[in-house]
Amino acid sequence: MRTMMQKLREDVRLKEGLNACMGCGICTAVCPAAEYFEYDPRSIVVTVQSGNEEKIRKLIESDTIWMCGQCMSCKPRCPRNNCPGLIISVLRRVSQETGAFVKSRLGRQQYLILKTIGTNILETGYCVYPASVVPETHPEQGDVWKWIYDNKEAVYERVGANLDKEGPGAMRKIGRENLDELERVFAESGGQTLFTSIVEYSRAYAKESGFVDANGQPDMEKYTDFLLNEDNDEK
Amino acid sequence: MIDKKHIAIIGGGIAGQEAASVLTGLGYKVTILEKNERMGGMLNKWSKLFPDFSSSQLVLDAVKVATDKNLNVICNADIFSVQKENGRFKLSDNSSLDVYADAVIMSTGYNLFDATLKEEYGYGVFENVITSADFEKVHKSGEKLTTADGKAPRRVAFIHCVGSRDAKTGNTYCSKVCCITGVKQAIEVTQMWPECEVFNFYMDLRLYGSKYDALYLEAQKHHKIQFIRGRLSEVSERQGKELQLKAEDTLQGRPLRMKTDIVVLLIGMEACKQNEDLCRDNALELDENRFFKSKNIYNHRNSSTQSGVFLAGSCICPMSVNESLESARSAAMLVDKSLKVQER
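Per-chain numbering applies: the sequence of each chain, read as written, is numbered from 1 onward. Chain letters start at A and ligand numbers start at 1, both assigned in the order the entries are written. Totals for whole chains, interfaces and linings use every residue, but because this is a predicted model, local features are given only for residues with pLDDT of at least 70 and side-chain atom pairs only at 80 or more, for both listing and counting.

Peer 1: Quick rundown of the domain arrangement of chain A? Include the residues and the values.
Peer 2: Domain boundaries in chain A define domain 1 (4-106), domain 2 (109-125 + 174-235) and domain 3 (135-173). Each domain span listed reflects an automatic or database assignment of domains. On a C-alpha basis, the centroid separation for the pair domain 2 of chain A and domain 3 of chain A is 24 Å.

Structure representation (C-alpha cells):
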C-alpha cells in the first residue's frame with residue numbers, strides 16, 4: 001500500500017509548493033482564511049514536511065484543509081518560494097480520492113459543491129448559473145436575489161446579457177460541442193475520476209449513516225438535506 | 001626586497017585601512033583606492049556599535065593609517081578593471097588613473113539592501129517606516145527618534161531579515177549582524193523614550209557573538225523589549241499615519257495584528273555591484289551570493305580565485321566590525337607570505 005506521503009508526492013503540485021519551510025508564519029500572517037477560522041497554513045505545511053503518516057491522515061480527514069480559499073496570497077510572500085495553497089490542493093485531492101473527506105463536516109460538503117458548481121460546469125458551461133441559484137437553498141442571497149431570480153429574463157436583458165440564447169454576449173447558451181469538449185477536459189485531467197470518487201464515497205457514507213430508501217439504497221436527497229442542515233446547525 | 005613591492009588595496013573602509021596599516025608596518029608600499037570622497041566606508045553611517053555601545057568613531061580613528069612615506073591614498077578612484085600585465089597587476093578607473101601593483105587586496109565591503117524592493121513593507125511610501133541605517137543617522141545627530149510629524153512614538157517595531165533569508169529578494173543568506181543590531185537599536189529607543197513599547201519581529205535570533213546574548217537578556221530584563229517569533233507579512237497605514245502590522249505569532253500559532261507608530265526595517269548586507277566589473281579581466285569569481293569567492297572557505301578564506309589577489313572584510317560575506325578587522329589582518333599577512341615566497 002502506498003503511504004500518504006507517496007500519494008502526496010505523486011502530485012507535481014507538491015514539488016512546486018513545498019521546497020523547505022522554516023516556519024516563519026508569513027503565510028498565516030497574510031492568509032484571509034486565518035482571520036476568520038481557527039486555521040494556520042504554516043502548521044499544515046509543517047505537518048506535511050514532517051512526513052508523519054498519522055498526522056497527515058488526520059489532516060486530510062479534518063475540516064482544516066477545506067478552509068483555504070485558494071487565493072494563493074501565500075505564494076508571493078513565502079521567503080523560501082513555497083506555496084501552502086498548492087500543498088492544500090494536493091491534500092484535498094488525496095482526501096477526495098481516498099474518501100477521507102466524508103470524515104469532516106466541511107469535507108462532506110464536497111458533495112454539495114459537486115452537485116451545484118460541478119453539475120453547472122458540465123451541463124451549462126458556467127460555475128454559477130442563475131437558474132440553479134434557487135433562493136430557497138441560498139437564503140444568504142437575500143430578497144433582492146429572489147426578485148432577480150423571479151424576473152431573470154427581463155433583468156438579464158435589461159443589463160445587456162444574452163441569457164440562455166444563441167449568439168454572443170454574457171451568460172449566452174454554451175453549445176453542445178463546447179460542453180462535450182469540457183467533458184473531455186474533465187475526463188483527461190482526472191476531474192471526472194474525482195467526481196466519481198466523491199459521489200461514491202458520499203453514497204457509502206449516506207448509507208452508513210442511515211440515509212436509505214425503502215430498498216436499502218442510499219437516499220441522496222435525504223443526505224443532501226442532512227448536509228444543508230448540518231451546516232445550518234453550526235451557524 | 002619588501003620596500004620595492006607595491007600593494008594596491010581597493011576600498012578604504014575599515015578593512016582596507018587595517019590591512020594597509022599592517023602592510024606599511026612591514027615596510028611595503030601601499031596604495032589605497034577609495035571610490036568615495038572620504039575614507040571610512042560604511043562605518044561612517046553608524047553611530048554606536050554592538051555589543052557595548054562604543055562610538056563607531058572610536059574604530060574609525062583607530063584604523064586611520066598613520067601618515068607614512070610608504071602609504072598613498074587616492075580618493076574618488078572608482079576602479080573597474082584589474083588586469084595581470086607582465087607579472088604585475090594593472091588597476092584602472094574611469095578616468096586616466098592606472099596603478100601598478102605586485103599584489104591586490106579587495107576590500108570593497110558591502111551595500112545595504114534597498115528596502116523599497118520589499119514593497120509590502122512600505123519603505124519610501126509610508127513616512128513612519130524607516131531602516132536601521134536611517135535610525136543610526138537619527139542617533140548620530142543626537143536627536144531623538146520621532147514620528148514623521150515630530151511626536152514621541154508610543155510603540156516601535158523592529159523587523160528582522162529585511163532583504164536577508166528571503167528568496168523573493170534573491171538573498172537567501174543570513175546577513176547575521178542585523179539580529180544584534182535590532183537588539184541594540186531597540187535598547188537605544190527605550191533609552192530615548194523610556195515609556196515607549198518596543199517589539200522585535202524575528203524568525204530566529206542569531207546572536208552569535210560572545211557578548212551578544214547578554215545584550216538580549218538586558219533588552220528583555222531591563223528594557224522590557226518584546227520579542228515575537230514571526231515574519232512580518234505587510235505594513236499598511238491607518239488614519240493619522242499610524243501603521244498596522246500583519247504577522248503570525250508562530251509560538252502562539254495565531255495571526256497577530258498590531259498598531260505601531262514607527263517601523264524600523266533591519267536591512268541586510270549585499271555584495272557591492274562593482275564586484276562584477278572587478279572580476280571581468282582576471283580569474284576572480286563571485287560566489288552564489290555575489291560576494292567574492294574564496295579559494296576555499298576554510299583555510300584560504302582570504303585568497304581569491306586569482307593568485308595575487310586577496311580578500312579582506314565584508315566583500316567575502318557579511319561581517320561585523322571585529323570580524324572585518326580580523327579578516328583584514330589575515331589578508332595582509334597572507335600578502336606578506338605570498339610576496340616572500342615569490343622573492344625566493
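Peer 1: Which residues make up the nonpolar core, and what values go with them?
Peer 2: To count as a nonpolar core, a set of buried Ala, Val, Leu, Ile, Met, Phe, Trp, Tyr and Cys residues must be joined through C-beta atoms within 7 Å. Exposure is read from a count of other C-beta atoms within 10 Å of each residue's own; the residue is exposed at 12 or fewer, buried at 20 or more and partly exposed in between. C-beta atoms are placed from the backbone. One finds Ile87 of chain A together with Tyr121, Ile159, Val162, Val263, Val264 and Leu265 of chain B to be the most contacted residues of the largest nonpolar core, which totals 86 residues. The greatest single-element share of this core, amounting to seven residues, is contributed by helix 4 (residues 178-192) of chain B. Contacts are defined on C-beta atoms placed from the backbone: any two residues whose C-beta positions lie within 7 Å are in contact. Once you skip the residues sitting within four places of it in the chain, isoleucine 87 of chain A turns out to touch Leu14, Gly17, Leu18, Ile44, Val45 and Val48 of chain A. Ranked by size, the runner-up nonpolar core spans 52 residues in total, among them Ala15, Leu23, Val104 and Leu311 of chain B. Labels follow the DSSP assignment, with helices taken as runs of H or I lasting at least four residues and strands as runs of E lasting at least two, numbered in each case from the N terminus.

Peer 1: Outline the UniProt feature "domain: FAD/NAD(P)-binding" (unreviewed entry) in chain B, supporting the account with residue identities and numerical values.
Peer 2: UniProt positions are given in the numbering used here, feature names are shortened, and annotations may be inferred rather than shown by experiment. Per the UniProt entry, the sites bearing "domain: FAD/NAD(P)-binding" (unreviewed entry) are residues 6-330 of chain B in this numbering. Taken as a whole, residues 6-330 of chain B contains 22% helix and 31% strand, while its terminal C-alpha atoms sit 18 Å from one another.

Peer 1: Got a sec to walk through the sheet that holds strand 18 (residues 262-267) of chain B? Specific residues and values, please.
Peer 2: The pairing of strands in a sheet happens through backbone hydrogen bonds and is either parallel or antiparallel. Residues and elements named next belong to chain B. Following DSSP output, two strands are said to pair if at least two bridges run between them. The five strands are arranged 11-18-12-13-14 in an open sheet whose pairing can be described as parallel. Pairing within the sheet leaves two strands with one partner each, and these edge strands are strand 11 (129-131) and strand 14 (226-229). Strand-to-strand twist in this sheet, taken as the mean axis angle between neighbours without regard to direction, amounts to 25 degrees. Alignment of strand 13 (residues 197-202) against strand 14, held across four bridges, turns out to be parallel. Bridging from a neighbouring strand, phenylalanine 201 pairs with isoleucine 228 of strand 14. Comment: axis = line fitted to C-alpha atoms, over the contacting stretch for helices; angle = value between 0 and 180 degrees taken between N-to-C directions. Running over the sheet, helix 3 (residues 132-141) touches strand 11 and strand 18 and is turned about 110 degrees from strand 18.

Peer 1: I'd like a rundown of the sheet that holds strand 7 (residues 88-93) of chain B, residues and numbers included.
Peer 2: Residue and element names in this part refer to chain B. Read across the open sheet, the three strands follow the order 6-7-8; overall the sheet is antiparallel. The two strands at the open ends of the sheet, each matched to only one other strand, are strand 6 (79-85) and strand 8 (98-101). For this sheet, the mean inter-axis angle between neighbouring strands, taken without regard to orientation, is 20 degrees. Summarising the sheet, strand 7 and strand 8 pair through four bridges and their orientation is antiparallel.

Peer 1: Got a sec to walk through helix 4 of chain B? Specific residues and values, please.
Peer 2: Residues and elements named next belong to chain B. What a helix is expected to span follows from its residue count: subtract one and scale by 1.5 Å. With 15 residues, helix 4 extends 20 Å from end C-alpha to end C-alpha; this agrees with the ideal 21 Å at 1.5 Å per step. Where burial is concerned, most of helix 4 is hidden: twelve out of the 15 residues are buried. Buried residues of helix 4: Cys178, Cys179, Ile180, Thr181, Gly182, Val183, Lys184, Gln185, Ala186, Ile187, Glu188 and Val189, and no others. If you follow the buried residues of helix 4, they end up packed against helix 3, strand 12 (155-162), strand 13, helix 5 (212-221) and strand 18.

Peer 1: Got a sec to walk through the domain arrangement of chain B? Specific residues and values, please.
Peer 2: Residues and elements named next belong to chain B. Considered domain by domain, chain B is made up of domain 1 (2-109 + 272-343) and domain 2 (115-269). A separation of 32 Å is found between the C-alpha centroids of domain 1 and domain 2. In this complex, domain 1 contributes ten residues to the contact, which on the side of domain 2 involves 17 residues. Under this grouping Gly is polar, as are all residues other than the nonpolar Ala, Val, Leu, Ile, Met, Phe, Trp, Tyr, Cys and Pro and the charged Asp, Glu, Lys and Arg. Looking at side-chain class alone, the side of domain 1 that touches domain 2 contains four nonpolar, four polar and two charged residues.

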